Structure formats: C-alpha cells, structure tokens
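An overview of the molecular structure
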Amino acid sequence: MMLTAVKNWWGRFQERRPELSKFLMFLVLSNGVTVLQLALMPLFRWGFASFTDLTDVNFRVFPVGSNVDGSAYYMFDYAAGPLPGGGGGLAYFLAVQITLLIAQVINFFLQRNITFKSNTSIWRAAFWYAVAYVVITFIAAAAQGFYKAPIYGFFMETLDWGSTGSVIADVLTMIINSAISFWVFYPIFKVIFRQVPATVEVVEHADQSGER
C-alpha cells in the first residue's frame, strides 16, 4: 500500500516537475553508484597490493607542467611504493580505474533506462558516453595530483591512523572523483539520453521501410 502510494506520488511529481524529477533520480542513482565505488576501490587496492608486486611498479605518465619545486607534474602520477610515501604505483592506478569503469558501465544503463528513459540509439549513446568518460578520467586524474598525497599523508601520518587512515583516504579520494563525475556527466546525459516522441519514431521507421 505504502509503495503504491509513493509510486503514484512520484508519477504525479514527474508530470509536474519533469526536469527536477530527473535531477533527483540522477542524484539518487549516482549516490548509489558512489557507494558501490566506495566498497570496490579499497578491495581492489588491497587485492593488487596483497597478491601482486604492482605497488612497486612506477606509473607516471603524461607530464602536463611543473610542481612548485620544479619537478614534473604528471596527469597520472602513481609513483612506485605504498602510500603516503609513494603514490601506490600501478596497483593504485588499476584499482581506481577498474572501480570507475565498473561503476560507469552500471551508471550508464541505470541513467539511460530509469532517469532519462531514453529511446534513442543505445550504441550512439554508448559511444558519446565512452568519449565523455575518457575526457572526465583525464580531468579527474589531473586534479587528483593536488589532493591525493595530502589526504593520505594527513590520515596515515599526521593522525597516525595507519591502515585505517588509508581506508578513510580511499573513501575521500573516491568521493571527490565521484563529485567531479557527477557535475560533469549530468548535462552530458541530458544530450545523449534524449527521448524521441513516438510519432517521430513511427515516421522514421516508415521512411526507412520506404527506402528499402
């Protein structure tokens, strides 16, 4: 009974406030995906660190400028060695990127089918989504160079929380990554997840049938 009432209320709300209802649904689903990221990222990082030597593999690519001390500033800066002294190496990079990839694939289908109820080409939407994902990944990676080391240093060394501090820092860095994605993706979704009126779909189908 309660579920039906909520469903009916939400249906009326969507009719009165279509744009606001989409944004709220986008917010709810995005937060759900963020929770998934918060659970997966520390697990992947632990797995790579425990069962591989990838933490000791240096991964610093795409220099895009200089730090204050004159050293190169890398877009993807994962120096070999465990945090906070090192940058987590290739293990940290893979943990972050695999987590983001899984989350964004899930997010794609949730947002397309539930939030925007898009009926346009899924392949075209997937292509532009992938392009946006790559661009945002580079932007987020470049921004991470400013906050990753201070966050891990604060919780692991300043507060001396060790592994607990590392987990907290994992959560905070993933939240920041998710926040960047959230505000960039919403306007992109409004473009690639369009709804085509049924009459337009019928006309387009008829035109295509006539051409054949």
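Now for a description of the structure that goes with this document. The model shown is predicted, which means the values in this text are computed figures rather than measured ones.

With respect to a nonpolar patch on the surface
- A surface patch of nonpolar side chains, about 530 Å² in accessible area, is lined by Leu101, Val105, Phe109, Ile122 and Trp123.
- The element that contributes the greatest number of residues to the nonpolar patch is helix α3 (residues 89-115), accounting for 3 residues.
- Position of Trp123 among the secondary structure elements: in helix α4 (residues 122-158).
- Trp123 gets classed as exposed once you look at its relative accessible area, which sits at 72%.

Topic: the packing of α3 against α4
- At a minimum axis separation of 10 Å, α3 and α4 run at an interaxial angle of 140°. Between α3 and α4, the angle falls in the class oblique. Crossing handedness for the pair α3 and α4: right-handed. Across the interface between the two elements, Tyr92, Gln97, Leu100, Leu101, Gln104, Asn107, Phe108, Phe109 and Arg112 of α3 pack against Ile122, Ala125, Ala126, Tyr129, Tyr133, Thr137, Gln144, Lys148 and Tyr152 of α4.
- Residues of the contact of α3 with α4, tallied by class, amount to 11 nonpolar, 5 polar and 2 charged.

Notes on α3
- Counted at 1.5 Å a residue, the expected span for α3 with its 27 residues is 39 Å, and the 37 Å between its end C-alpha atoms agrees.
- Just beyond α3, the residue with positive phi is Lys117, at close to 45°.

Some words on the nonpolar core
- By size, the foremost hydrophobic cluster in this structure holds 34 residues, and its most contacted members are Phe185, Phe189 and Phe193.
- With 12 residues, the single largest contributor to this core is α4.
- With sequence-adjacent residues up to four places away left out, Phe189 is seen in contact with Phe26, Asn107, Gln111, Phe116 and Tyr129.

A few points about the packing of aromatic side chains
- Tallying each qualifying case throughout the model produces 27 aromatic pairs.
- Aromatic side chains Tyr78 and Phe93 sit 5.5 Å apart centroid to centroid with 70° between the ring planes, which places their arrangement in the edge-to-face category. Taken together, the positions of Tyr78 in strand β2 (residues 72-78) and Phe93 in helix α3 put the pair 15 residues apart, joining distant regions of the chain. For the pair Tyr78 and Phe93, a shared accessibility class is recorded, and that class is buried.
- Residue placement shows Lys148 over the ring face of Tyr92; its charged tip is 4.5 Å from the ring centre.

Thoughts on the pattern of salt bridges
- The final tally for this structure, using the stated rule, is 3 salt bridges.
- Salt-bridge contacts for Glu19 lead to Lys190; the nearest nitrogen and oxygen are separated by 2.6 Å. Of this pair, Glu19 sits in helix α2 (residues 18-51) while Lys190 sits in helix α5 (residues 162-192), and the two are 171 residues apart along the sequence.
- Note on Glu19: relative accessible area 41%, which makes it partly exposed.
- Owing to a relative accessible area of 37%, Lys190 belongs among the partly exposed residues under this scheme.
- Put simply, Arg60 and Asp77 hold a salt bridge, and the shortest N to O gap is 2.7 Å. Of this pair, Arg60 sits in strand β1 (residues 59-66) while Asp77 sits in strand β2; the two residues are 17 residues apart in sequence, bridging distant segments of the chain.

Rules used throughout
- Residues numbered from 1 in each chain as written.
- Predicted model: local features only at pLDDT ≥ 70, side-chain atom pairs only at ≥ 80, totals over all residues.
- Heavy atoms only, no water.
- Patch = residues over 30% accessible without salt bridge, like charges linked within 9 Å, V, L, I, M, F, W, Y side chains within 5 Å.
- Areas by Shrake-Rupley, 256 points an atom, 1.4 Å probe, with all protein chains shown as cover.
- Salt bridge = Lys/Arg side-chain N within 4 Å of Asp/Glu carboxyl O.
- Helix = DSSP H or I, 4+ residues; strand = E, 2+ residues; numbered from the N terminus.
- Buried < 20%, exposed > 50% of the residue type's maximum accessible area, 1.4 Å probe, protein only.
- Axes fitted to C-alpha atoms, helices over the stretch in contact; angles between N-to-C directions.
- Parallel < 35°, antiparallel > 145°, perpendicular 65-115°, else oblique.
- Left-handed = near helix turned anticlockwise from the far one by under 90°.
- Contact = heavy atoms within 4.5 Å.
- Nonpolar A, V, L, I, M, F, W, Y, C, P; charged D, E, K, R; others polar.
- Expected span 1.5 Å × (residues − 1).
- Core = buried A, V, L, I, M, F, W, Y, C linked by side-chain atoms within 4.5 Å.
- Phe/Tyr/Trp six-rings, centres within 6.5 Å; stacked < 30°, edge-to-face > 60°.
- Lys NZ or Arg CZ within 6 Å of the ring centre and 35° of its normal.

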